[in-house]
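A look at the structure
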Amino acid sequence: MATLDDVAAPKAKRKLTGYWLILPGALWLAVFFVIPFYSLISTSLFDPKGSVLTGYDMTWHFSNYVDAIDQYKGQIWRSLWYAGVATALCLVIGYVLAYAIAFKAGRWKNLMLVLVIAPFFTSFLLRTLSWKLILADDGFVVDALQTVHLLGDDGRLLATPFAVIAGLTYNFLPFMVLPLYASLEKIDIRLIEASSDLYASPLRGFLKVTLPLSMPGVVAGTLLTFIPAAGDYVNAQLLGSPNTRMVGNTIQSLFTTQGDYAAAGALSVTLMIIIVGAVLMYVRTAGTEDLV
Amino acid sequence: MNTLTRAKRWIGKHLILGLGILVLIYTFVPIAIVVLMSFNDSSKSRNVYKFQQFTFDNWLHPGRWADGMLDSVMLSIYIALCATVIATILGTLAAFAMVRHRFVGRKAANIIIFLPMASPEIVMGSSLLALFVAAGFGGQLGFWTILIAHVMFCLSFVVVTVKARLSGLDDNLEQAAMDLYATEAQTFWRVTFPLVLPGIVGAALLSFSLSFDDFIITNLNSGQEVTFPMFVYGANQRGVPMEVNVIGTAMFVIAITIVLVGELARRRQEKALAA
Amino acid sequence: MSPAAEATTSTARAGSRDLRLSQLTKEYATFTAVKSLDLVVPQGQFFALLGPSGCGKTTTLRMVAGLDTPTSGTIHLGETEVTYEKPYKRPVNTVFQNYALFPHLDIADNVAFGLKRRGIKDVKKQVADMLELVELTSQAHKKPPQMSGGQQQRVALARALINKPEVLLLDEPLGALDLKLRRGMQLELKRIQTEVGLTFVHVTHDQEEAMTMADTVAVMNQGVIEQMGAPIELYENPRTTFVANFLGQSNLIAGEIEGRDGDQVKVRVQGALASVPGDRAHSESGKGWLGIRPEKVLIAEAGQPIDAPGDVITGGYVTDVSFVGVSTQYTVRMPWDQELMVFEQNTGARAMLPVGTKVDISWRPEYAFLLDASQDAKAGIEED
Ligand SMILES: Nc1ncnc2c1ncn2[C@@H]1O[C@H](COP(=O)(O)OP(=O)(O)OP(=O)(O)O)[C@@H](O)[C@H]1O
Ligand SMILES: [Mg+2]
């Protein structure tokens, strides 16, 4: 397609303008996003005997990884597990909401979309604290569950994996809804109507037509939910207990309170590798490679 | 019997919408609690995060109990403003480069811009910290390191938002402007820029809220500085002052007002014109 | 052709501001949209560019406007070459096919845009006049997305016209209008064009529109101009099967050309001998297509006398009759299995011939034309 520049600018100048425009932003990301990875990797190979006070030596200490994984594999596992469950829940809840907005909301579409992002307007931490109140031991949710005997008399929700997963699900739901909505909205409603003639039940029609067409949204949504959820530690910290610590909690405390940079770095790199690996595998099986 | 089938059909038709609305209500429950707690009088027992007694005190004297709170709010606003300005400018320029220019390394740039949105915050925060420490700024963490970090993670969102707007632009419009005697500069300022502006404004609002709300990355790179989310996090360990909910509620109300006023103005204008 | 038109179609006169395209070519990576186009549009003419979708009309206009750079060839306005001139430096304006109205500006500002960019201060009066002309005065403060397609089109027209460019390029400017408005706008356009004396290059799909409005019509096909001339000339004496079929309908009958005989060319068609005036014969040997417009064909029941006989072919029978008010359209199957179209005026002189009737057909030799048989007889038939 002919752009303005094809017409307007002489060739040489055209090429340079592109570079000048992208340069500041790209440089910022290169220096403060790409190079830090390099620092992180080298940090992860520090001699673990160093400390903030005495300084660190970079000694290609690969055993940091072995030690970190060995010591914290529980947390790593738990992070993936919690994030996976939260993502699945988000997918189900988010799909219903996105579907309702895309096809059923009529003239309330815009309003509902605004409402989806409205929770972002209050602090993430405050919303998480609210869940602490909702799930509190003497709160009405626990009371109600105890009354119907779904929960034992001394059973609790707060400080359990349930609370952490509920928090994660709640906090990352909009990240699921928005991409889902974006891909559902592109679907021609007539296709769905046509499918209701072709397939016996609405459910089969949905499975054969709507769902496959919304796959790009499903893939984008699950990634955008899973990745931040796996690295999160706020929910585990505010709603959980020492038994629900996620890898984020560990990295954060190794860095800030224990000053064990080497282990923290190794754990961080491990988390990144696991996530990149999982994402690549997932994208391959889901068959959508044009995410970028 | 007839009414029964009709009711059934009505339910079938509205079931999904109803479920969707339930989900929305669910997302608002915690906000309702934030608002509620902003009227809670917790002076009797601070360590219990629970509604005890109604009061306006939190609203009247938000700085009363929590000394550091207002400072942290000011700091957060200040950082968010700075980060928004820088990220919006850099991101908008980059978006123009990506959509309007062909250059070597465009694919690589695209990936670098996408990656921050797909990296866990804890990893980004810790790598940045590793960089600062390695570069010898380990002792000088504070305002500048927070700002750098915030610009970094806001940038990608700005680029994506502006890019979407820009690539949706019909390039016939710019050509029409040039056809109508507008030079390249005039075409940009009279046609391109006004048309992309809503995208830029949206990106700026997004940046502001991302920056204001960030905790994980900030916490690793803040040194002695305390932003509002950090204040809340810290306060959680001592017993949360109800005043934080005042800030949360105020933020929410302000943001919703901005959105509603914008929407109303748009509708009003449309109606007036259509008449 | 009128003497005046004759004079203007000749090559560029000194001092005139004719639009001249020579050897103009536009190639895309895998596709040549315009091939070595040579074209002169005399100053002040209403010039119509007619052709099927995708034939390169828009591409040609865009090169003239400066929105696309030609791969090769030149564009001149009078003596000035403008091939690589910036669009905003050309005294040329465009009415875009998709209007391209500025959605953030109201109608008045859209219309005033060009004048303001040229530094003209007081534009109120001109804008008001222009809106009056396109009957949109009451809509001056609406924004484009709030208007109907037809209204938008009129705004696009006003926005270009107000600049009084030397050449106005119109890319199907009336496409979205209903028939009544369309006729009105056609007259209006024609009036403005004669009044202001601008050169109009008007792209259209609608052959009727092209023929009624234009001084000169060029028929374009697959990136080249097939034929160009006054509407009547194109219709009466098409030079290619494409033009013969694209403008109106034609019966093309395969024949052997026997050669020139004085100012006639003789053709043997299915046993009968027909003749074609020399200036209408575009091939003089070998195989050829004998062309005859359906309304020029006379029909009568087999053996009955035909009013004004010319060349005759016998042995057909009617396979279809449709009555369309002013005329009756017959489909006649000939002995060699080709179906010919015959349009007969409903003068009332004779009753309609029913399906199955054996008929003879005839035509005046001076209305026939002869085309080279190497061309596809179906070229230019719009399949729909
Ligand atoms: N950027 C491009 N790259 C490749 N081919 C192109 C490009 N732009 C146009 N074409 C091709 O050039 C040909 C001519 O296009 P053009 O727009 O001039 O057609 P047109 O005659 O205006 O058709 P219509 O009547 O449908 O508007 C088309 O076949 C089109 O597909
Ligand atoms: Mg076209």
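Residues numbered from 1 in each chain as written. Chains lettered and ligands numbered in written order. Predicted model: local features only at pLDDT ≥ 70, side-chain atom pairs only at ≥ 80, totals over all residues. Heavy atoms only, no water.

Concerning the overall build of chain B
Within chain B one finds 11 helices and 0 strands. For 275 residues, the compact-globule formula gives about 19 Å, and the C-alpha radius of gyration of chain B, at 24 Å, lies well above that figure. Viewed in the frame of its principal axes, chain B has a C-alpha envelope of about 80 × 75 × 35 Å. The 275 residues of chain B split such that 51% are buried. Considering only intrachain contacts with a sequence separation of at least 6, the fraction spanning at least 24 residues in chain B is 71%. Accessible surface computed for chain B: about 12,900 Å², of which carbon and sulfur atoms make up 68%. Across chain B, the mean location of the 20 positive side-chain charges is 13 Å away from that of the 16 negative side-chain charges. (Helix = DSSP H or I, 4+ residues; strand = E, 2+ residues; numbered from the N terminus. Rg over C-alpha atoms; globule rule 2.2 N^0.38 Å. Buried < 20%, exposed > 50% of the residue type's maximum accessible area, 1.4 Å probe, protein only. Contact = heavy atoms within 4.5 Å. Areas by Shrake-Rupley, 256 points an atom, 1.4 Å probe, with all protein chains shown as cover. Lys, Arg positive; Asp, Glu negative; His and termini not counted. Charge placed at Lys NZ, Arg CZ, Asp CG, Glu CD.)

Remarks on the sheet that holds strand S18 (residues 339-345) of chain C
Residues and elements named next belong to chain C. Pairing is antiparallel in the open sheet, where 5 strands are placed in the order S15-S19-S16-S17-S18. Every other strand in the sheet has two partners, leaving strand S15 (298-301) and S18 as the edge strands with one partner each. Pairwise comparison of adjacent strand axes, ignoring direction, gives a mean angle of 45 degrees for this sheet. (Pairing = 2+ DSSP bridges. Axes fitted to C-alpha atoms, helices over the stretch in contact; angles between N-to-C directions.)

Focus: the packing of helix H3 (residues 67-100) of chain B against helix H8 (residues 184-213) of chain B
Residues and elements named next belong to chain B. Packing of H3 against H8 leaves a shortest axis separation of 8 Å and a crossing angle of 140 degrees. The pairing of H3 with H8 is recorded here as oblique in orientation. Classified by chirality, the crossing of H8 by H3 is right-handed. Counting all contacts with H3, which are made through Val73, Ser76, Ile77, Ile79, Ala80, Leu81, Ala83, Thr84, Ala87, Thr88, Thr92 and Phe96, the residues of H8 involved are Phe188, Thr192, Val196, Ile200, Ala204, Ser207, Phe208, Ser211 and Phe212. Taken together, the residues of the contact of H3 with H8 sort by class into 14 nonpolar, 7 polar and no charged. (Parallel < 35°, antiparallel > 145°, perpendicular 65-115°, else oblique. Left-handed = near helix turned anticlockwise from the far one by under 90°. Nonpolar A, V, L, I, M, F, W, Y, C, P; charged D, E, K, R; others polar.)

Topic: the packing of aromatic side chains
Residue and element names in this part refer to chain A. As enumerated under the stated definition, the model contains 27 aromatic pairs over all chains in all. Each ring, one from Tyr99 and one from Phe206, has its centre 6.2 Å from the other, and the planes form 70 degrees; the classification is edge-to-face. Of this pair, Tyr99 sits in helix H3 (residues 63-104) while Phe206 sits in helix H9 (residues 202-213), placing them 107 residues apart in sequence. Judged by relative accessible area, which is 14%, Tyr99 ranks as buried. (Phe/Tyr/Trp six-rings, centres within 6.5 Å; stacked < 30°, edge-to-face > 60°.)

Brief notes about the site of ligand 1
All names here are of chain C. In the vicinity of ligand 1, 13 residues are found, and the nearest of them are Ser53, Gly54, Lys57, Thr58 and Thr59. At 2.7 Å from an oxygen atom of ligand 1 is found a side-chain nitrogen or oxygen belonging to Lys57. Put simply, the parts of the chain that give the shell around ligand 1 at least two residues each are strand S2 (31-41) and helix H2 (57-65). Looking at the shell around ligand 1, the element that brings in the most residues is H2, giving 3 residues. Residues that form the shell around ligand 1 fall into these classes: 4 nonpolar, 7 polar and 2 charged. (Near = heavy atom within 4 Å. Polar contact = N/O pair within 3.5 Å; in protein donor to acceptor, adjacent residues only side chain to side chain.)

Topic: the coordination of the magnesium ion (ligand 2)
Put simply, a metal with four donors set out as a tetrahedron has ideal angles of 109.5 degrees, and one with six donors set out as an octahedron has ideal angles of 90 or 180 degrees. Residue and element names in this part refer to chain C. Every protein donor of the magnesium ion (ligand 2) is accounted for by Thr58 (OG1) and Gln97 (OE1), and the metal-donor separations fall at 1.8 to 2.5 Å. Within this pair, whereas Thr58 is found in helix H2, its partner Gln97 is found in the loop between strand S6 (92-95) and helix H3 (107-117), the two being separated by 39 residues in sequence. Judged by relative accessible area, Thr58 falls into the partly exposed class, the value being 28%. Accessibility expressed as a relative area gives 40% for Gln97, which makes it partly exposed. (Donors = N, O, S within 2.8 Å, 3.2 Å for Na, K, Ca; no water.)

Notes on the interface of chain A and chain B
Taken together, the contact between chain A and chain B spans 78 residues of the former and 83 residues of the latter. Contact between chain A and chain B buries roughly 7,400 Å² in total, counting both sides, with carbon and sulfur atoms accounting for 78%. Linking chain A with chain B are 0 salt bridges. At the junction of chain A and chain B, the tally comes to 11 residue pairs in polar contact (both at pLDDT 80 or more). Here the side of chain A that touches chain B takes 20 residues from helix H2 (residues 11-44) of chain A, the largest share from any one element. (Buried area = accessible area lost by both parts, 1.4 Å probe. Salt bridge = Lys/Arg side-chain N within 4 Å of Asp/Glu carboxyl O.)

As for the nonpolar core
B:Met152, B:Phe228, C:Leu19 and C:Phe102 are the most contacted members of the largest nonpolar core, which totals 165 residues. The biggest single contributor to this core is H3(B), with 15 residues. One finds C:Ala160, C:Leu177, C:Leu189 and C:Ile192 within the second-largest nonpolar core, a separate group that totals 46 residues. (Core = buried A, V, L, I, M, F, W, Y, C linked by side-chain atoms within 4.5 Å.)

Describing the interface of chain C and chain B
Residue-level contacts link 29 residues of chain C with 22 residues of chain B. Taking both partners together, chain C and chain B bury about 2,300 Å²; carbon and sulfur atoms supply 59% of that area. Seen at the junction of chain C and chain B, the total is 1 salt bridge. With a closest N to O distance of 3.0 Å, B:Glu184 and C:Lys86 form a salt bridge. One can count 10 residue pairs in polar contact (both at pLDDT 80 or more) joining chain C with chain B. For the side of chain C that touches chain B, the secondary-structure elements that each account for two or more residues are H2, S6 and H3 of chain C.

What to know about the pairing of strand S10 (residues 224-229) of chain C
Residues and elements named next belong to chain C. Where strand S9 (residues 216-221) lies against S10, 5 bridges are found, and the strand directions are antiparallel. When the bridges of S10 are listed, Met220 appears paired with Ile225. Linking S9 to S10, which pair antiparallel, is a turn of 2 residues; within it Gln222 sits at a positive phi near 45 degrees.

A look at the sheet that holds strand S1 (residues 19-28) of chain C
Residue and element names in this part refer to chain C. The antiparallel open sheet is built from 4 strands, whose spatial order is S2-S1-S4-S5. Strands at the two margins of the open sheet, each flanked by one partner only, are S2 and strand S5 (80-81). As paired strands, strand S4 (residues 72-77) and S5 are joined by 2 bridges and run antiparallel to one another. Residue Leu77 lies in a different strand from S5, and its bridge partner there is Thr80.

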